[in-house]
Amino acid sequence: MLGFQLKIAKVDGHSMAPALLDEDFVLALRFPWSCFCKGQLVLVNHPRYQLMIKRIAEVKGGDVLLVGDGPCSLSSEQMGWLDERKIIGRLYCRIKAQG
């Protein structure tokens, strides 16, 4: 085990526009010592909505509240508070879609 998680994901939809656009690719990393803060973009495995990319709106004792940047995103109320352990990683790189 290398001690960190690495995941490449493709953006599907417009909920994170303008920061991330449909069909962009992102690189998410999580280290054992990772701390998450308000404003960070993260890739999460949401128990209800599966794999999604969102921004951290608030951190409270091991739980995070997520928000999308675009108007078509699910609301924070719909997503609810999420255990920080469901975060796959913080986004470190964006590869823009061609076109």
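Note that this is a predicted model, so its numbers are computed, not measured.

Draft legend 1. Local environment of unusual backbone geometry. Going from A17 to P18, the amide bond is cis rather than trans, its omega being 10°. Even without being glycine, E23 reaches a positive phi, approximately 80°. With respect to the helices and strands, the residue E23 is situated in the loop between strand 1 (5-10) and strand 2 (25-30).

Draft legend 2. Focus on the nonpolar core. By size, the foremost hydrophobic cluster in this structure holds eleven residues: A9, V11, M16, L20, V26, A28, L41, L43, I53, I88 and L91. Where this core is concerned, the elements lending two or more residues are strand 2, strand 3 (41-46) and strand 7 (87-95). Sequence-distant contacts of M16, defined by excluding residues within four places in its chain, comprise L41, I53, K54, R55, V67, G68, D69 and G70. Of all hydrophobic cores here, the second largest spans ten residues; its members include F36, V42, V44 and L66.

Draft legend 3. Fine view of the state of the cysteines. Within the structure shown, the criterion is met by zero disulfides. The thiol of C35 is unpaired, and the distance to the nearest cysteine sulfur, on C37, comes to 6.8 Å.

Draft legend 4. Highlighting the environment of K54. Following the sequence through the fold, K54 ends up in strand 4 (residues 50-60). With relative accessibility at 4%, the residue K54 sits in the buried group. Setting aside residues no more than four positions away along its own chain, K54 makes contact with S15, M16, Q40, L41, V42, L66, V67, G68, S73, L74 and M79. Engagement of the side chain of K54 in a polar contact is seen with the side chain of S73, the distance being 3.0 Å.

Draft legend 5. Molecular detail of the sheet that holds strand 1. One open sheet holds the seven strands; their spatial order is 1-2-7-3-4-5-6, and the pairing between them is antiparallel. Whereas interior strands pair on both sides, the edge strands pair on one side only; in this sheet they are strand 1 and strand 6 (81-83). Across the sheet, the mean angle separating the axes of adjacent strands is 45° when strand polarity is ignored. Of the strand pairs in this sheet, strand 2 and strand 7 are connected by five bridges, and their pairing is antiparallel. Pairing of L27 across the sheet is with C93, part of strand 7.

About the cut-offs
All residue numbers here refer to positions counted from 1 along the written sequence of the relevant chain. Confidence filtering applies because this is a predicted model: local features only for residues at pLDDT of at least 70, side-chain atom pairs given and counted only at 80 or more, and all residues used for totals across whole chains, interfaces and linings. Hydrogens and water are ignored here; the side-chain numbers use all heavy atoms of the structure. Under the DSSP-based scheme used, a helix requires at least four consecutive residues in state H or I and a strand at least two consecutive residues in state E, with every element numbered from the N terminus. In this description, a nonpolar core means a group of buried Ala, Val, Leu, Ile, Met, Phe, Trp, Tyr and Cys residues linked to one another through side-chain atoms lying within 4.5 Å. Each residue is placed in one exposure class: buried if its accessible area under a 1.4 Å probe, protein chains only, is under 20% of its type's maximum, exposed if it is over 50%, and partly exposed if it falls in between. It only takes one pair of heavy atoms within 4.5 Å for two residues to be counted as in contact. To count as a disulfide, a pair of cysteine sulfur atoms needs to be within 2.5 Å. Between N or O atoms, a polar contact is any pair within 3.5 Å; within protein, one atom must be a potential hydrogen donor and the other a potential acceptor, and residues adjacent in sequence are included only when both atoms are from side chains. Each pair of strands is called paired provided DSSP finds at least two bridges between the two strands. Interaxial angle, 0 to 180 degrees, is taken between N-to-C directions of lines fitted to C-alpha atoms, where a helix line uses only the stretch in contact.

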